[in-house]
Structures are given as C-alpha cells and as structure tokens.
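Report on the structure
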Amino acid sequence: MSSKNLVICDREREFAVRLADYLGRRKELALQVKLCDCPEQIEAIRRETEVDILLADERIEFTEGELSGISKVMRLSAVSAEAEDSRNRIFRYQSGEEIYTKLVEALAEDGMGELWNVRKKERGKLVGVYSPVHRTGQTAFALRKGMELAKKQNVLYMNLETYAGIGGYFQEEKRNLSMLLYYAKQEAGNPGLLITTIVKGLKGLDYIPPVLFPEDIRTVTASEWMWLFGEILNHSIYDVVILDLGDCVQGLFDILKACDTIYMPAADDRFAASKIYQYEEALCRQGYGEVWERMIRCDIRRTAKRKDSGTDGSV
C-alpha cells in the first residue's frame, strides 16, 4: 500500500528528531515522517503532499484553516496528568515505545487503523507445534524453530498454553495476548496494528507475551481463534506465525488442520508411544486424518537415566 504522512511539529528540534528516528525504524509502518517547527512549515509541506496525521507541540497555536483536511491531530504535552481531551494528548517525556503505543491506540479508537495496515502480496504461513506427550520441551523447541526462521523472515511466536511459564521463558507483562483475545471475541478491530504495541523480542524473534490467567485461553472459541489468526496472517508484517499449542485450546484439531506445517515433539519410550498412538486414533476417528499425515515428528532424546526404566512413565 502507499505510505501515509505523519508530521511532527515541535520547537524542541532534538526531541522531534529522536522521535522521528524511532518511528522511522518501526518496520511495520508504511509511514513517512516529516519534521517542522511552525504552522507555516506545515503549509509548505501540504503544498507538496497530503498530511494524514499531525503530532504537534501543544504550545503551538493553529487556526482552523491550518488544520483543515488533516485526518488526525494529536498534541504533545509536558503535563502527564489527565487533562481535558487527554485521548488526543501524549505526554512527551516518556519512551518512544510509549508514545508510539498511545498514538496507535488513539488511531485505532478512531477507526483509522487502516492508515498503518500492512497489506501483503501473499498470506502469511501458520506453523503449529503440539504434542500429546508432555515434558518434551515443546516450548523450547517452538522458540528455537522461531529463532531459526526469524533469521530470514518476519516471525511471530504465540504461546497458547494455559500455563506458559511466566518468569521462565517469558516475563509478566500487562500488555499481553489477552488484549488481542478481547478483539477476537468481538471479531472486530485491527489486531495486526495492536500487535505492534504489545510485541516483545527474544534473540531476533518477535513474540506476544502470554496470558496471565488460564481462563483467558479456555474461553476463546475455535471461530474466534481462526478470526484472529486470519487477521494476523493477512494484515500484519509477519510472514510466519508459530503457535505453541496446549490441550485446553478449543478447536485444537481445526487449528492444526489450518496450519501449513505441524511439528510434534515426542519422546522415544513406550509410554510416550502409547499417548501418540491414542492421539493418532483420535484424529482419524474424528475425520482429521490429514492432520496426522502432515505431522512432522521431532524426537526428543532423553539423556537423563531413569532409576527404573520399566516403571517410570513420567511423560
């Protein structure tokens, strides 16, 4: 899609340059950022191109005519306290990430998410990672696979387990997958845009912080999951989305069927084999035999010696 134009009008030149540099480095933005420090310069810009978004120092005064035709006007404020029309004001003395988040949320609320929507020539790929065998290092495997793919593509990792292990692989974050699930339940909004305000990085791999409460995963229906995945695959920067799936996900077999590639970490003992056999039977009996046929098994060799190889069935 063609780029849109954001103008930062601020008398603090150094601040404006830093903010423009930060926004310019956001790889998901189809956005051209221009700088100026007075209304006259905005007029000069508008004679050459359209201004879609104006982010201006609140101390700069504009006439109604000078703002005419600009889709969104927001003010940079030196006061952090809630003020009148605070939805269109951004506290300037905070990180670029926080300013960006506030800007995106305001645009989304006004139904202007399409300004930054990413349109791709091809739909992204969905990669599922799931095993009926526990304690096989499924999450570690999914993350490694994601990091490997992220060396050449834009990859997003999503953990869909009820207990992802906060404090282990992932830190507790207030902005997490639950925010996307809110939109999924309504099947509305722009998750692809919202992701840009939530996503974190791990060794080159983008990931969405997992939910804090199990019910946030359990209550999402299969159709809501599929809507969310479709929005991300079609309207985000990501070429690949990796799903680290748990047993409590509604519509698990339908999600696996929708995946372009499916990996199944598995142990190499008879107890694990019995679980895998039962899983295969369940897929075939419920009409998902094609899922089993496309499953890529990844054996996780156990290196720890068991006290009693004949009785230890911990999998």
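The notes below deal with the structure included here. Since the structure is predicted, the reported quantities are computational estimates derived from the model, not experimental observations.

What follows is about the overall build of the chain. Secondary structure assignment for the chain yields 12 helices and 12 strands. A total of 315 residues make up the chain; the buried ones form 48% of that total. Taken as a whole, the chain presents about 16,000 Å² of accessible surface, with 46% of it coming from carbon and sulfur.

In this structure, R135 takes a positive phi of about 60 degrees despite not being glycine. Structurally, the position occupied by R135 is in the loop between β6 (125–129) and α5 (138–149). With phi around 50 degrees, K203 is a residue other than glycine that occupies positive phi space. Along the chain, K203 falls in the loop between β8 (200–202) and β9 (205–208). Taking the relative accessible area as the measure of exposure, K203 reaches 71% and is therefore exposed.

A few words on the pattern of salt bridges. When their charged atoms lie close together, side chains carrying opposite charge are able to pair. All chains considered together, the criterion is met by 16 salt bridges. In this structure, the salt-bridge partner of R297 is D299, at a minimum N-O distance of 2.7 Å. Residue R297 is classed as partly exposed on the basis of its relative accessible area, which comes to 43%. Using a relative accessible area of 35% as the deciding quantity, one classes D299 as partly exposed. Overlapping salt bridges, with partners in common, bring together D10, E12, D57, R59 and R92 in one network.

With that settled, consider the pairing of strand β4 (residues 72–77). The element β4 is largely enclosed, with a buried count of five among its six residues. In the sheet, strand β3 (residues 53–57) pairs with β4 via five bridges, with the strands oriented parallel. The partner of A56 across the bridge, within β4, is R75. Relative to strand β5 (residues 89–91), β4 is paired through three bridges, and the arrangement is parallel. Bridge pairing links S77 to F91 in β5.

Calculation rules
- Residues numbered from 1 in each chain as written.
- Predicted model: local features only at pLDDT ≥ 70, side-chain atom pairs only at ≥ 80, totals over all residues.
- Heavy atoms only, no water.
- Helix = DSSP H or I, 4+ residues; strand = E, 2+ residues; numbered from the N terminus.
- Buried < 20%, exposed > 50% of the residue type's maximum accessible area, 1.4 Å probe, protein only.
- Areas by Shrake-Rupley, 256 points an atom, 1.4 Å probe, with all protein chains shown as cover.
- Salt bridge = Lys/Arg side-chain N within 4 Å of Asp/Glu carboxyl O.
- Pairing = 2+ DSSP bridges.

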